[in-house]
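Coordinate analysis (summary)
Take a look at the letters that make up each chain.
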Amino acid sequence: MKIRKLIKRRKNKKLANHLLLKNLLDSRTAKIGLFMVSTVVAVFVVSFFWTPYDPTFMNLEKRFQAPNIHHLMGTDQFGRDILSRIMVGSQVSLSVSFAAVFGAFFLGTSIGVLTGFIGGKIDIFVTRIVDVLLAIPALVFALGIVAILGPSAKSVSIALIITYARQFARITRDAVVSIKNKSYIEASIGLGHKTSNIIYKDVLPSIFPIITVQVTAALAWGILDEASLGFLGLGVQPPDTSWGSLLIEGRQYAYQAWWIAFFGGVPVTLSVFGINMLGDGLRDMADPRSSRNYFPKKDKKRKNKDIKHELSDSAEKKQMLEIKNLSVDFLSDAGTVRAVSNVSLSISQGEIVGLVGESASGKSTLALSILKLLPNNGQVVSGEVVFQGKDILELTQEEMRLIRGDSMTYVPQDALAAMNPVTRVEEQLTEIIRDHGNNSRKFQSSRALELLKLVKLKDPERNLNNFPHELSGGMQQRVVIAKSLALEPKLLIADEPTTALDVSVQAGILELIKNIRKNQGSSIIFITHDLAIVAELCDRVAVMYAGSIIETGTVTEIFSNPKHPYTRSLIGGLLPLNGVPPTRLKALDGQPPRTGDWPSGCAFHPRCPLYEQLGKPVECRTKEPKTLMKSDMDWVTCNFPEIEISGMEKS
Amino acid sequence: MLRYFLNRVMFMIPLVILLSALLFIYMRVLPGDPVAGILGPEATPELTAQLRATFGLDQPILSQYLIWIRDLFQGNLGISYTSQQEITPLLIARIPATLQLLLAGFLVSLTFGLPLGFLAGRKRGSVLDNVLSTFSLIGLSTPIFWIGTLFVMVVGVSWRLLPAEGYVPFSEDPLMSLKLTILPALTLGLVLAPYLARLTRAATIEIEYESFMNQARANGLKNSTITFRYAARNVLPQILVVLGMQLGGLLGGQVIVEQLFNWPGVGRLLIQGALQRDYPMVQAVILIIAILFVLINLIAEILHALMDKRIRL
């Protein structure tokens, strides 16, 4: 079973490589690159059969002719046609650099694959030598080798082969070592496959993408370095021509014949530019992050759907935050993925609402939507987020900025990662106050100290001067909370702020959050998958599943009388929220669905114990479940919220 | 701090020894007899023997190596085959010119590469990013000897704004020396600036994914605060590390630019040596350049450690 999975993974890897090539042809950058490279290759091929003039034919009467109708790029000091010389020069330049790159590829990857695979002392020894050799800059290294072999096209090829092989060997070796430790290769070794087979079938395909990028890069260096060595007089010797040696004359006669120098450099630049474009296209395929065309265009406009969860007017007025029918999509290469689907939720002043759900249920996306901080490929497609009476989705970014950190703040899960690693605690606190308009230095620093006292740090004066990494985990979280309290927020969104902490530290942070509500009257959204915390801290609970809120209720109600089968499974301990299956009861089968890959009808039906019990009713599979209002504010979305689940005691 | 520094320096010593050993082997794998090459057809057995003795080639190979190592630690890099002078003073005389150009070229790279790359990274996907990225790709693809020649032609010859070539020591005529440095430095800067711009752009984009950037926005910080106090201050140390590795390109470019502008630096010694098969000279210059490269990396590493507070010294 396990082996089969591993084999499947290997196949996927091959498929991925295939797709890489297919995608490459779709990329605009790569297309332009390909066009330029093809042009250069065409010139190269044609030059073997035809050039406008004999490139070696000297005609002293026609020396130094500027470009004209007969000589499109002019003539040189001997009256030779520059265009013809460039065309013929491509023969040396391109063959030398291709030979260099492919020679280096075979030499380098062989060394890299072998040493990486053998490992041990041989590996250390070879790698050390390669490292030392890499301390010599490429051109200088090549120069040294040409010095031994004497100036000629052949020695330039050999020099470049050895020069580039260093890099290939190093990169391949590192890739092989990291791949070697992966499970599917270990499985191959464990199954007793032959080493050569493993290298051929597993290792080589895996390093293929890295090597492709490297080969493309090397082709560009090859042309440049060949030209450089030629320019230094170490390449082909007259009367032969290469693109580099042409530039010697260009430099020599720069004062009287600009066209030699000018046109002489064009072919190198054009070919290298084309190859680099191609390489960029390749790299973007492998790592879309750095691409310039990474963001899909946002064209959809948010539309307000007819409101489903109508709330009474009186209930609405007291609300601090009111989310109505919010849907959020993520755009990816694979298409549109719905991360949050038709979510409504309200939070009154001074209320702590627990937002629970498994990972990927859309909790964090919901939080980011409230902050208006969705990543660039995420967008709200419908709904409203009304904060203190204003739909924040209508606000400009600057208006929203002034709200964030001031009346609405966010406490993240990983406190250390959320702090600027290079600034001291004091600056982290004062910058928030300053950027929200209070420029008094004195106020800023006294407030910073006050805040650290407020979050009960033991040595606040000293901690002001600490860098984040100098604090313990609990202290870091306290500082992050202090930052969120700097301007006395009305709404605090805490995204699993205690998950990364020890239990003893957790208790302190929870106490702190309770105090914030007590002393400042702030509303708090507390995102967690720890039901014990919800029971202790929250007033109300909203349960999220597959991008929707499927049930809300007061804490007492949810814990004593859960309606939705999912909530009931959670409370009854049938389903774990944090991925750790409960030991005392048999857990429900199946994994939570992946974002956007929600099942049809009621997204929970494939795992629902009631669905099984009721003989798989069609409406659960095909229709969106009905919404039942439990009170003014709370509801459950399920077709059968009243039916008991057999075998589960009511707690 | 001092300890960290010493550690890094100590780490260099085996590297230099291994490097010198490899260079020694390099010298000895030469096909043919270098002395015969120098003397040409007029070689007589007596003359050959005399020259072999001068260069220490009559010794057994192991003692040749020991002598090479001993000389090396005394700062003696051997004797040039062509001029038959000691190499060390020749090299030392040329180092100021090389360093002047290298530093100027490096400054040019920094001034253009860092801000433009940072800007492109911050404005990813914008028109500006597209324009800058295209320019840096063109810069990467252009041979510097071509750009240098065009500079000479346009700025030096047509516009007569700057002297096109030559070198005057800074101590003799500072103004002229600087004027002469401008064109070569611009050319040399072009080697590294596009790389630097691309590196900086990539690092800036990488930083964008850090959780503290999102938190900065969640805290409602101004865009300028995020740009300078968050993005820039975290990108810079990262660039430093990669920058050291990229300086090899700059040192290689230095050789070409020296040739192009008749700049009497170490690089031209290397080219002359390579053209005249003056192996001890080539060996010495490569050693110096490699040591320079390692030293620059060391400095980059130490600066990085100083800037990134998370690294304990």
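Presented here is an overview of the structure given in this document. Model, not experiment: these values are computed from the prediction.

Of the regular secondary structure elements, chain B holds 12 helices and 0 strands. In chain B, the share of contacts with a sequence separation of at least 24, taken over all contacts with a separation of at least 6, comes to 74%. Summed over its atoms, the accessible surface of chain B is roughly 14300 Å², and 68% of this surface lies on carbon and sulfur atoms. Counting 22 positive and 17 negative side-chain charges, chain B places the centres of these two groups 16 Å from one another.

Moving on: a nonpolar patch on the surface. On the surface, Val-41, Val-45, Val-46, Phe-48, Phe-49 and Trp-50 of chain A cluster together into a nonpolar patch covering about 630 Å² of accessible area. One can find Val-46 of chain A in helix α2 (residues 28–49).

Below, the discussion takes up the interface of chain B and chain A. Of the residues lining the interface, 73 residues belong to chain B; the matching set on chain A comes to 74 residues. When the buried surface of chain B facing chain A is broken down by residue, Phe-145, Trp-146 and Asn-219 of chain B rank first, second and third, together holding 9% of it. Our enumeration of links across chain B and chain A arrives at 3 salt bridges. Here Arg-198 of chain B ties to Asp-280 of chain A by a salt bridge, and the two come within 2.8 Å at their closest N and O atoms. Our enumeration of links across chain B and chain A arrives at 20 residue pairs in polar contact (both at pLDDT 80 or more). Taken together, the elements giving at least two residues each to the side of chain B that touches chain A come down to α1 (2–28), α6 (127–141), α7 (144–158), α8 (174–208), α9 (211–218), α10 (223–260), α11 (266–276) and α12 (279–307) of chain B. Residue contributions to the side of chain B that touches chain A peak at 12 residues, all from α10 of chain B. The residue inventory of the side of chain B that touches chain A, partitioned by class, reads 42 nonpolar, 17 polar and 14 charged.

So, on to the sheet that holds strand β4 (residues 378–387) of chain A. Residues and elements named next belong to chain A. Spatially, the 4 strands line up as an open sheet ordered β2-β1-β4-β5, and their pairing is antiparallel. The sheet terminates laterally at β2 (335–348) and β5 (390–391), the two strands that pair on one side only. Where strand β1 (residues 319–332) lies against β2, 10 bridges are found, and the strand directions are antiparallel. If you follow Ser-332 over to β2, its bridge partner there is Gly-335.

Counting residues in each nonpolar core, the largest one holds 201 residues, and the members touching the most others are Leu-229 and Phe-526 of chain A. Non-local contacts of Phe-526 of chain A, meaning those with residues more than four positions away in its chain, are made with Ile-352, Val-353, Gly-354, Leu-355, Ala-494, Pro-497, Thr-498, Leu-510, Ile-513, Ile-533, Leu-537 and Cys-538 of chain A.

All names here are of chain A. Remark: helix α3 (residues 82–118) packs on helix α9 (residues 243–252), axes separated minimally by 7 Å, with the N-to-C direction vectors making an angle of 130°. When the interaxial angle is binned, α3 and α9 end up oblique. For the pair formed by α3 and α9, the contact residues are Arg-85, Ile-86, Gly-89, Ser-90, Ser-93 and Leu-94 on the first element and Trp-243, Leu-246 and Glu-249 on the second. The class makeup of the residues in the contact of α3 with α9 is 4 nonpolar, 3 polar and 2 charged.

Once that is clear, we can look at the pairing of strand β6 (residues 408–411) of chain A. All names here are of chain A. Residues Met-408 and Tyr-410 point to one face of β6 and Thr-409 and Val-411 to the other, with burial holding for every one of them. The sheet contact formed by β6 and strand β7 (residues 491–495) spans 4 bridges and is parallel. The residue of β7 that forms the bridge with Tyr-410 is Ile-493.

A few words on the packing of aromatic side chains. In this structure the tally under the stated criterion is 19 aromatic pairs over all chains. By the ring-pair criterion, three or more aromatic residues cluster together here, those being Trp-258, Trp-259, Phe-262 and Phe-263 of chain A together with Trp-146 of chain B.

Residue and element names in this part refer to chain A. Across its 37 residues, α3 extends 52 Å between first and last C-alpha, which sits within 8% of the 54 Å expected from 1.5 Å per residue. Its axis deflected by about 25° at Gly-89, α3 carries its strongest bend there. Looking at the residues trailing α3, positive phi occurs at Gly-119, about 70°.

So, how was this worked out
For every chain, the first residue of the written sequence is number 1, and numbering continues from 1 along that sequence. Lettering for chains starts from A, numbering for ligands starts from 1, and both go in the order in which the items are written. Totals for whole chains, interfaces and linings use every residue, but because this is a predicted model, local features are given only for residues with pLDDT of at least 70 and side-chain atom pairs only at 80 or more, for both listing and counting. For the side-chain quantities, the full set of heavy atoms in the structure was used; hydrogens and water were omitted. Helix numbering and strand numbering both begin at the N terminus, where a helix is a DSSP run of H or I of at least 4 residues and a strand a DSSP run of E of at least 2. In this description, contact between two residues means that some pair of their heavy atoms is separated by no more than 4.5 Å. Calculation of accessible area relied on Shrake-Rupley with a 1.4 Å probe; when residues are assessed, cover is drawn exclusively from the protein chains displayed. The charge count treats Lys and Arg as positive and Asp and Glu as negative. His and the chain ends do not count. To locate a charge, take atom NZ for lysine, CZ for arginine, CG for aspartate or CD for glutamate. Distance thresholds for patches are 9 Å for like charges and 5 Å for nonpolar side chains (Val, Leu, Ile, Met, Phe, Trp, Tyr), applied to residues having over 30% relative accessible area and no salt bridge. Salt bridges are identified by distance alone: a Lys or Arg side-chain nitrogen within 4 Å of an Asp or Glu carboxyl oxygen. Buried surface area refers to the total accessible area, computed with a probe of radius 1.4 Å, that the two partners give up upon joining, counted for both partners together. Between N or O atoms, a polar contact is any pair within 3.5 Å; within protein, one atom must be a potential hydrogen donor and the other a potential acceptor, and residues adjacent in sequence are included only when both atoms are from side chains. For this scheme, ten residues count as nonpolar: Ala, Val, Leu, Ile, Met, Phe, Trp, Tyr, Cys and Pro. Four count as charged, namely Asp, Glu, Lys and Arg, and the remainder, Gly too, count as polar. Strands pair, by our definition, only if DSSP identifies at least two bridges between them. What makes a nonpolar core is a set of buried Ala, Val, Leu, Ile, Met, Phe, Trp, Tyr and Cys residues whose side-chain atoms join them at distances within 4.5 Å. The cut-offs for exposure are 20% and 50% of the maximum accessible area for each residue type, with area from a 1.4 Å probe on protein chains only; residues under the lower value are buried, those over the upper are exposed, and the others partly exposed. Here, axes are lines fitted to C-alpha atoms. For helices the fit covers the stretch in contact, and angles between N-to-C directions go from 0 to 180 degrees. In this scheme, roughly parallel covers angles under 35 degrees and roughly antiparallel covers those over 145, while 65 to 115 is roughly perpendicular and the rest are oblique. Classification of ring pairs rests on two measures: the distance between centres of Phe, Tyr or Trp rings, Trp counted by its six-membered ring, which must be within 6.5 Å, and the angle between planes, read as stacked under 30 degrees, edge-to-face over 60 and tilted in between. How far a helix is expected to stretch is found by multiplying one less than its residue total by 1.5 Å. Bending is quantified residue by residue as the angle between axes fitted to the seven-residue window ending at that residue and the seven-residue window starting at it.

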